[in-house]
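# Report on the structure
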Amino acid sequence: HHLPVGIGPSVLASDMSRLAEESAEIAQHFKEHDYLHLDVMDGHFVPNLTFGAPVIKSLRKHTKATLDAHLMVSDPAQWVDDMADAGVDRLTFHIEATEDPAALIRRVKGRGMKVGIALKPKTPADCVFPYCEDLDLVLVMTVEPGFGGQSFMADQMAKVRELRKRYPRLSIEVDGGLNAETIDAAAVAGANLIVAGSYVFKGDRALNMSVLRRSVEKHGLGLEDAQLTPLEGGGADQ
Amino acid sequence: MVKSTAVAVLATVGVACAFAPASAPSRPTSSLRMANNAWHRKDFQIAPSILSADMAKLGEEVDNAMAAGADVVHFDVMDNHYVPNLTIGPLVCKALRNHGVKNDIDVHLMVSPVDRIVGDFAEAGASYITFHPEASPHVDRTLQLIKSTGCKSGLVFNPATPLDFAKYVLDKVDIILLMSVNPGFGGQAFIPATLDKLREARAMIDESGFDIRLEIDGGVTQNNIKEIAEAGADMFVAGSAVFKNPRTVEAYTDTITKLRAELAAAQIGKALQKA
């Protein structure tokens, strides 16, 4: 594919008492299509409660980075306006959480945001086929959302491949357990937007972002090694 | 987790919950019946609510508020099911503890159901956990659950919720929190009828002989805190009154100093004289 490569560090893995500073720090390593991934969980759609629009609104004041909100909430329609007002650039909702995805897509776009649909691991890809032409991205969860410390589910790559084949111009995002060991599988399958939490925030941030980026450039875009974005950070001279 | 006696845990300020022994701690049924006007045995506590803070700089905001003279961090947790807003979860509480916050963290759960998240917050470092009786089908059980984690427990009363919910569990609550606005958003105005409710709660607490804090949340400002104290509150949540521009420790110190000055001028005996 020829889609842009975007790395989306998940702020849940950052120091949440210093969101503004952490965002500024990580954004220093951002390339054009990178973004901050915001995991909004309401304790009902998933058994975890993270943060909502008020936190995002505060964050927006301190950063110019693209804000990509992944809503793991039981009534995403209710959040469109608050998220738009909070300054979200791209809003992804779960197909399992709404009875009328088409209407929701229209509302999100109506508020000037880009829109994506997310699929839980057990949700088959064909659920989203009717909407792909209208979406900016599809998010394929590679862990069960809401629980920490899970491993990357390689079986989700079949979904990524299927979507990539049917929709060559659709951005496909993956989220859950992405790191140096698992990125190649995701890149080969066709994902171009990569969410990573602890792999980015708790390691050498610049280096690890570039490791993810290079894998997608190589296996997704088919670039030669010499054309890849150079490794950054502490490992740059290895 | 270090096991300590329940009494030691309750006496410690600003330390994350440890798991107490299985039995609930015994209540001090001291002779708190006040002969005359001296029934405010506790210091007044000021608990700024981070709902109004800059959520992208929570560590700094809390540090400044505590350095400015506040006592306790008030943590408003909303899940968009019990109230129409979604704020923060246990992860953020943990981040504050990791950041180094040592003051007590007073977690107000506006969520339903309640039980599942109690453990998460205890582990994340909460000191007190309060919840709404309408949000739990088994209030007594939830109170015991909270106390079993070593945290102080409390019940929260929405403006229209009668105090009756506390009647049979006074031996299990450390805090009674009265909402003087409808929970969900900061910046609302104080509902005046809450003053009578405070007087009623104060009388109920004193009559019981139990050591229970009477907390108030919603529209508390320099202009009404004295009256609120006179009605019987001894712990004051202040959101937008404290966390506003300029967001500096100097400005926060000024605000909190003024709040304390108002409290110092409060005539506590007045409430007892009301018929």
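Thresholds, definitions, all that
- Each chain carries its own residue numbering, running from 1 in the written order of its sequence.
- Each chain gets a letter, beginning with A, and each ligand a number, beginning with 1, in the order they are written.
- Given that this is a predicted model, residues contribute local features only at a pLDDT of at least 70 and side-chain atom pairs are listed and counted only at 80 or more, while totals for whole chains, interfaces and linings are drawn from all residues.
- The basis for the side-chain values is all heavy atoms of the structure; hydrogens and waters are excluded.
- Contacts between residues were defined by any pair of non-hydrogen atoms, one from each residue, lying within 4.5 Å.
- Buried area, as used here, totals the accessible surface that two parts lose on assembly, with accessibility defined by a 1.4 Å probe and the loss added over both.
- When a carboxyl oxygen of Asp or Glu lies within 4 Å of a side-chain nitrogen of Lys or Arg, that pair is called a salt bridge.
- By the criterion applied in these results, polar contacts are pairs of N or O atoms within 3.5 Å in which, for protein atoms, one can donate a hydrogen and the other can accept it, and in which residues neighboring in sequence qualify only through two side-chain atoms.
- Each helix corresponds to a stretch of at least 4 residues labelled H or I by DSSP, and each strand to a stretch of at least 2 residues labelled E; elements are numbered beginning at the N terminus.
- Three classes are used, and their members are as follows: Ala, Val, Leu, Ile, Met, Phe, Trp, Tyr, Cys and Pro are nonpolar, Asp, Glu, Lys and Arg are charged, and the others, Gly among them, are polar.
- UniProt positions are given in the numbering used here, feature names are shortened, and annotations may be inferred rather than shown by experiment.
- Each Phe, Tyr or Trp ring (for Trp, its six-membered ring) is paired with any other whose centre lies within 6.5 Å, and the angle between the two planes then decides the class: stacked below 30 degrees, edge-to-face above 60, tilted in between.
- Remark: exposure states derive from per-residue accessible area (1.4 Å probe, protein chains only) relative to the maximum for the residue type, with buried under 20%, exposed over 50%, and partly exposed in between.
- Note on pairing: DSSP must find at least two bridges between two strands before they are called paired.
- The handedness of a crossover follows from its direction of travel: if, with the strands pointing away from the viewer, the path from the first strand over the helix to the second runs clockwise, the crossover is right-handed.
- By nonpolar core is meant a set of buried Ala, Val, Leu, Ile, Met, Phe, Trp, Tyr and Cys residues that side-chain atoms within 4.5 Å join together.
- Think of it as the arc spanned by the lines of direction from the helix axis to the C-beta atoms.
- Angular values range over 0 to 180 degrees, each being the angle between N-to-C directions of two axes fitted as lines to C-alpha atoms, with helices fitted over their stretch in contact.

### Focus on the interface of chain B and chain A
On the side of chain A, 28 residues touch chain B, which itself brings 29 residues to the contact. A combined buried area of about 2,100 Å² lies between chain B and chain A, and 62% of that area is made up of carbon and sulfur atoms. Summed over the three residues of chain B that lose the most area to chain A, namely Met55(B), Ala56(B) and Leu86(B), the buried surface amounts to 29% of that side. Inspection of the chain B/chain A interface yields zero salt bridges. Summed over the shared surface of chain B and chain A, the result is 14 residue pairs in polar contact (both at pLDDT 80 or more). Elements that contribute at least two residues to the side of chain B that touches chain A include exactly helix H2 (58-67), strand E2 (73-78), helix H3 (90-99) and helix H4 (115-124) of chain B. In terms of residues, the side of chain B that touches chain A owes the most to one element, H3(B), which gives six residues. Split into classes, the residues belonging to the side of chain B that touches chain A amount to 16 nonpolar, eight polar and five charged.

### Topic: the UniProt feature "binding site: a divalent metal cation" (unreviewed entry) in chain B
All names here are of chain B. When the UniProt feature table is mapped onto this chain, "binding site: a divalent metal cation" (unreviewed entry) is found at His 74, Asp 76, His 108 and Asp 217. Spatial clustering of the annotated residues is evident: they stretch over 144 residues in sequence, but the largest pairwise C-alpha distance comes to 10.5 Å. Beyond its immediate stretch of four places on either side in the chain, His 74 contacts Ala 47, Pro 48, Ser 49, Ile 50, Asp 106, His 108, Leu 177, Glu 215, Asp 217 and Val 237. Separated by 3.3 Å, the side chains of His 74 and Asp 76 make a polar contact. Sequence-distant contacts of Asp 76, defined by excluding residues within four places in its chain, comprise Ser 49, Leu 51, Thr 87, Ile 88, His 108, Met 110 and Asp 217.

### Here's the deal with the packing of aromatic side chains
All names here are of chain B. A complete count under the given rule lists four aromatic pairs over all chains for this structure. Both rings, one in Phe 75 and one in Phe 121, keep their centres 6.0 Å apart while their planes meet at 75°; by these two values the pair is edge-to-face. One end of the pair, Phe 75, is in strand E2; the other, Phe 121, is in helix H4, and 46 residues separate them in sequence. The pair Phe 75 / Phe 121 is uniform in exposure class, with both members buried. Where Phe 243 meets Tyr 252, the ring centres are 5.4 Å apart and the plane angle is 85°; that geometry is what we call edge-to-face.

### Focus: the pairing of strand E3 (residues 105-110) of chain B
Residue and element names in this part refer to chain B. Among the six residues in E3, six count as buried, and that is most of the element. Side chains of E3 alternate between two faces, with Ile 105, Val 107 and Leu 109 and Asp 106, His 108 and Met 110 buried alike. With six bridges connecting them, E2 and E3 associate as parallel partners. Residue pairing for E3: Val 77 is matched across the bridge by Leu 109. Here E3 runs beside strand E4 (residues 128-131); their pairing, made up of four bridges, is parallel. Note that in E4 the partner of Leu 109 across the bridge is Phe 131. Traced from E3 through H4 to E4, the parallel crossover comes out right-handed.

### Points about the nonpolar core
All names here are of chain B. In terms of nonpolar packing, the biggest core is built from 150 residues, with Phe 75, Leu 109 and Ile 176 touching the most fellow members. Sequence-distant contacts of Leu 109, that is, excluding residues within four places in its chain, are made with Val 77, Val 114, Ile 117, Val 118, Phe 121, Ile 129, Thr 130, Phe 131 and His 132. Counting residues in each nonpolar core, the second largest holds 10 residues, with Val 72, Tyr 128, Val 181 and Val 237 among its members.

### Considerations on helix H1 (residues 19-27) of chain A
Among the residues of H1(A), those classed as buried are Leu19(A), Ala20(A), Glu22(A), Ser23(A) and Ile26(A). Around the axis of H1(A), the buried residues are gathered within 165° of arc, so they sit on the same side.

### A look at helix H5 (residues 157-166) of chain A
All names here are of chain A. Of all the positions in H5, only Met 157, Lys 159, Val 160, Leu 163 and Arg 164 are classed as buried. Buried residues of H5 fall within an arc of 155° about the axis and therefore sit on the same side. Elements in contact with the buried residues of H5: strand E5 (114-119), strand E6 (137-141), strand E7 (171-175) and helix H6 (183-189).

### Looking at the UniProt feature "binding site: substrate" (unreviewed entry) in chain A
Residues and elements named next belong to chain A. Residues annotated by UniProt as "binding site: substrate" (unreviewed entry) correspond here to Ser 10, His 70, Gly 146, Phe 147, Gly 148, Gly 149, Gly 177, Gly 197 and Ser 198. Along the chain, Gly 146 turns up in the loop between E6 and H5. Relative accessible area serves as the criterion here: at 10%, Gly 146 is assigned to the buried category. Excluding residues within four positions of it along the chain, Gly 146 makes contact with Met 41, Val 46 and Asn 48. If you trace the backbone, Phe 147 turns up in the loop between E6 and H5.

### Some words on the sheet that holds strand E2 (residues 36-41) of chain A
Residue and element names in this part refer to chain A. Across the sheet, eight strands lie side by side as E1-E8-E7-E6-E5-E4-E3-E2; this open sheet has parallel pairing. Taken across any chain shown, the strands that pair with only one partner, and hence form the sheet edges, are strand E1 (6-9) and E2. Neighbouring strand axes in the sheet, compared pairwise and without regard to direction, differ in orientation by 20° on average. Sheet topology places strand E3 (residues 67-72) next to strand E4 (residues 90-94); four bridges connect them, and they run parallel. When the sheet's bridge partners are listed, Ala 69 is paired in E4 with Leu 91. Lying on the sheet, H5 is in contact with E5, E6 and E7; it crosses E7 at an angle near 170°.

### Quick notes on the UniProt feature "binding site: substrate" (unreviewed entry) in chain B
All names here are of chain B. In this structure's numbering, the residues bearing the UniProt feature "binding site: substrate" (unreviewed entry) are Ser 49, His 108, Gly 184, Phe 185, Gly 186, Gly 187, Gly 219, Gly 239 and Ser 240. Among the secondary structure elements, Phe 185 is positioned in the loop between strand E6 (175-179) and helix H6 (194-208). Setting aside chain neighbours within four positions, we find Phe 185 in contact with Leu 51, Met 78, Pro 84 and Asn 85. Its place among the elements puts Gly 239 in the loop between strand E8 (235-238) and helix H8 (249-264). We classify Gly 239 as buried; its relative accessible area is 16%.

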